Amino acid sequence: MSSQNPPAPRATVAAIPTYVAGKPPAPRPGQQVYKLSSNENPFPPLPGVVEAAEAAVAQMNRYPDMGNSALYDALAGRLGVPREQLAAGTGSVAVLYHLLQAFCDPGDEVVYAWRSFEAYPIAVSATGAVSVQVPVGKDGRHDLDAMAAAVTERTKVVIVCTPNNPTGPSVSDADLRDFVAEIPDGVLVVVDEAYREFVRADDPIDAVALQAEHANVAVMRTFAKAYGLAGFRVGYLVAHAEVAAAVRACALPFGVSTIAQAAAVASLAAEAVLLERVDALVAERDRVVGGLAEQGWSIPDAQGNFVWLPLGDRTAEFVTAAEEAGITVRPFAGEGVRVSIGEPAANDVLLAVTGNWVG
Ligand SMILES: *Cc1c(COP(=O)(O)O)cnc(C)c1O
């Protein structure tokens, strides 16, 4: 007999929120349009990266190096950590999935700030763990005291997103150290540093040094933002060797492609140019932040490659105005809009829209 009822997935799957990707701009005849909705790097790939990727294309009939050897060697040299402490994945989001799978049983708790990176509740639900969301302050900062207080016997992982996507502020090294001191040894503190290169705040975090002192600290980084490899999907973890081994054990075999590995290694070799470009983006960010302040906007401290406009129930209205002006931004319904720092002309469009905005 044929059945019309498919097998049921785990109950937790129905609870997985949908990832809302930043929209690409629709073409507008006679008008230049810009995508400021996904925190991508507006610069083209770093020197030597396209060539390295093209050379790797010729090996697409072979599986990638499953051990990510060249990438781990380059990162180990760059960071001064043994390669045993590294775990790579197809973006740091994939690394987070692997980490949660390695550390969380169903019903275990994962504490993180909210609003923060939208991939967190998705990854936690997919694992079958439970999200414990601790509201950020009005200034968009993590409430680290409340996060420490939210840790229970069921907590396995605490995520600190710094700078926080989408609100912008970063956590200081001193505050992170005080926080880690409050967290039990059996709870893993994951520091998500996707935007670390853009931080210009006083007392920036040295997460790798902190990790060396605390076996329960793990650092997540990505090639997607400052390094400009969003489309190639490479991220990594720096953690205690046993933590890193557990994360590697849960990783998809052959996840990071040959091309992505080659591009990441070539990007690390081009770090001097990378830092110049990051400086240029930071200068643009500061110009945008200054322009917004002159226009009378009050926004949280912007330490990533984006700004947060807390528009509340006028969010949708702003998105429409931005689209008409030629920029797509990332709305969070009823809360606000995250706008990536793009090329200067795109940032000019943003300042024109915000300047016309009657607050
Ligand atoms: C963009 C981003 C990442 C990186 O994601 P990838 O999977 O590496 O592209 C991680 N964390 C935060 C907070 C981000 O905004």
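How each quantity is defined
- Residues numbered from 1 in each chain as written.
- Predicted model: local features only at pLDDT ≥ 70, side-chain atom pairs only at ≥ 80, totals over all residues.
- Heavy atoms only, no water.
- Helix = DSSP H or I, 4+ residues; strand = E, 2+ residues; numbered from the N terminus.
- Rg over C-alpha atoms; globule rule 2.2 N^0.38 Å.
- Buried < 20%, exposed > 50% of the residue type's maximum accessible area, 1.4 Å probe, protein only.
- Contact = heavy atoms within 4.5 Å.
- Areas by Shrake-Rupley, 256 points an atom, 1.4 Å probe, with all protein chains shown as cover.
- Near = heavy atom within 4 Å.
- Polar contact = N/O pair within 3.5 Å; in protein donor to acceptor, adjacent residues only side chain to side chain.
- Nonpolar A, V, L, I, M, F, W, Y, C, P; charged D, E, K, R; others polar.
- Core = buried A, V, L, I, M, F, W, Y, C linked by side-chain atoms within 4.5 Å.
- Domains from an automatic or database assignment.
- Pairing = 2+ DSSP bridges.
- Axes fitted to C-alpha atoms, helices over the stretch in contact; angles between N-to-C directions.
- Parallel < 35°, antiparallel > 145°, perpendicular 65-115°, else oblique.
- Left-handed = near helix turned anticlockwise from the far one by under 90°.

Topic: the overall build of the protein
The secondary structure content of the protein amounts to 12 helices and 12 strands. Against the compact-globule benchmark of 21 Å for 359 residues, the protein has a radius of gyration of 21 Å, which places it among compact chains. Expressed along its principal axes, the backbone C-alpha trace of the protein runs to roughly 65 × 55 × 50 Å. Classification of the 359 residues of the protein by burial places 50% in the buried group. Within the protein, residue pairs in contact and separated by at least 24 positions form 73% of the contacts whose partners lie at least 6 positions apart. As presented, the protein carries roughly 16,000 Å² of accessible surface, and 55% of it is formed by carbon and sulfur atoms.

Some thoughts on the site of the ligand
Looking at the ligand, there are 13 residues lining it, with Asp-192, Tyr-195, Thr-222, Lys-225 and Arg-233 nearest. Side-chain polar atom of Asn-165 to an oxygen atom of the ligand: 2.8 Å apart, as the coordinates give it. Asp-192 is positioned such that a nitrogen or oxygen atom in its side chain is 2.7 Å from a nitrogen atom of the ligand. Relative to its unbound accessible surface of 390 Å², the ligand loses 94% to contact with the protein. Classifying every residue of the shell around the ligand gives 6 nonpolar, 4 polar and 3 charged.

Remarks on the nonpolar core
The biggest cluster of nonpolar side chains holds 81 residues, and the ones touching the most others in it are Leu-86, Leu-176, Phe-179, Phe-223, Val-307 and Phe-318. Per-element tally for this core: the top contributor is helix H10 (residues 271–294), with 6 residues. Residue assignment places this core across two domains, with domain 1 (14–39 + 272–358) and domain 2 (49–268) each supplying three or more. Beyond its immediate sequence surroundings of up to four residues, Leu-86 is in contact with Tyr-72, Leu-75, Ala-76, Leu-79, Val-81, Tyr-236, Leu-237, Val-238, Ala-244 and Arg-248. In this structure, Cys-104, Val-110, Ala-129 and Ile-159 belong to the second largest nonpolar core, which totals 25 residues.

Brief notes about the sheet that holds strand S12 (residues 336–340)
Here 3 strands make up an open sheet; going across it, the order is S9-S12-S11 and the pairing antiparallel. The outermost strands of the open sheet, each flanked by one partner alone, are strand S9 (306–309) and strand S11 (330–332). Here the average twist between neighbouring strands, direction ignored, is 20 degrees. Sheet strands in contact with helix H11 (residues 315–325) are S9, S11 and S12, and its direction is about 35 degrees off that of S12.

Thoughts on the sheet that holds strand S6 (residues 188–192)
Pairing is mixed in the open sheet, where 7 strands are placed in the order S2-S8-S7-S6-S5-S3-S4. Each having just a single partner strand, strand S2 (86–89) and strand S4 (130–135) make up the two edges of the open sheet. If you compare each strand with its neighbour and ignore which way they point, the axes differ by 25 degrees on average. Bridging between S6 and strand S7 (residues 217–222) involves 4 bridges; their strand directions are parallel. The residue of S7 that forms the bridge with Val-191 is Val-219. The strands touched by helix H8 (residues 241–250) within the sheet are S2, S6 and strand S8 (235–238), with S2 carrying the most contacts at an inclination of about 25 degrees.

A look at the side chain of His-142
Summarising the element assignment, His-142 is placed in the loop between S4 and helix H5 (144–149). In this structure the side chain of His-142 is engaged in a polar contact, spanning 3.1 Å, whose partner is the backbone nitrogen of Cys-161. Excluding residues that lie within four positions of it along the chain, His-142 makes contacts with Ala-113, Val-136, Met-147, Ile-159, Val-160, Cys-161, Asn-164 and Val-171.

Overview of the packing of H11 against helix H12 (residues 344–356)
Running from N to C, H11 and H12 point in directions that differ by 135 degrees, and their axes come no closer than 10 Å. For the element pair H11 / H12, the angle class is oblique. Crossing of H11 over H12 shows right-handed handedness. Here H11 contributes Phe-318, Ala-321, Ala-322 and Ala-325 to the contact with H12, which in turn contributes Val-349, Leu-350, Val-353 and Thr-354. Here the residues of the contact of H11 with H12 sort into 7 nonpolar, 1 polar and no charged.

In short, the description is geometric, and any link to function would need to be established separately.
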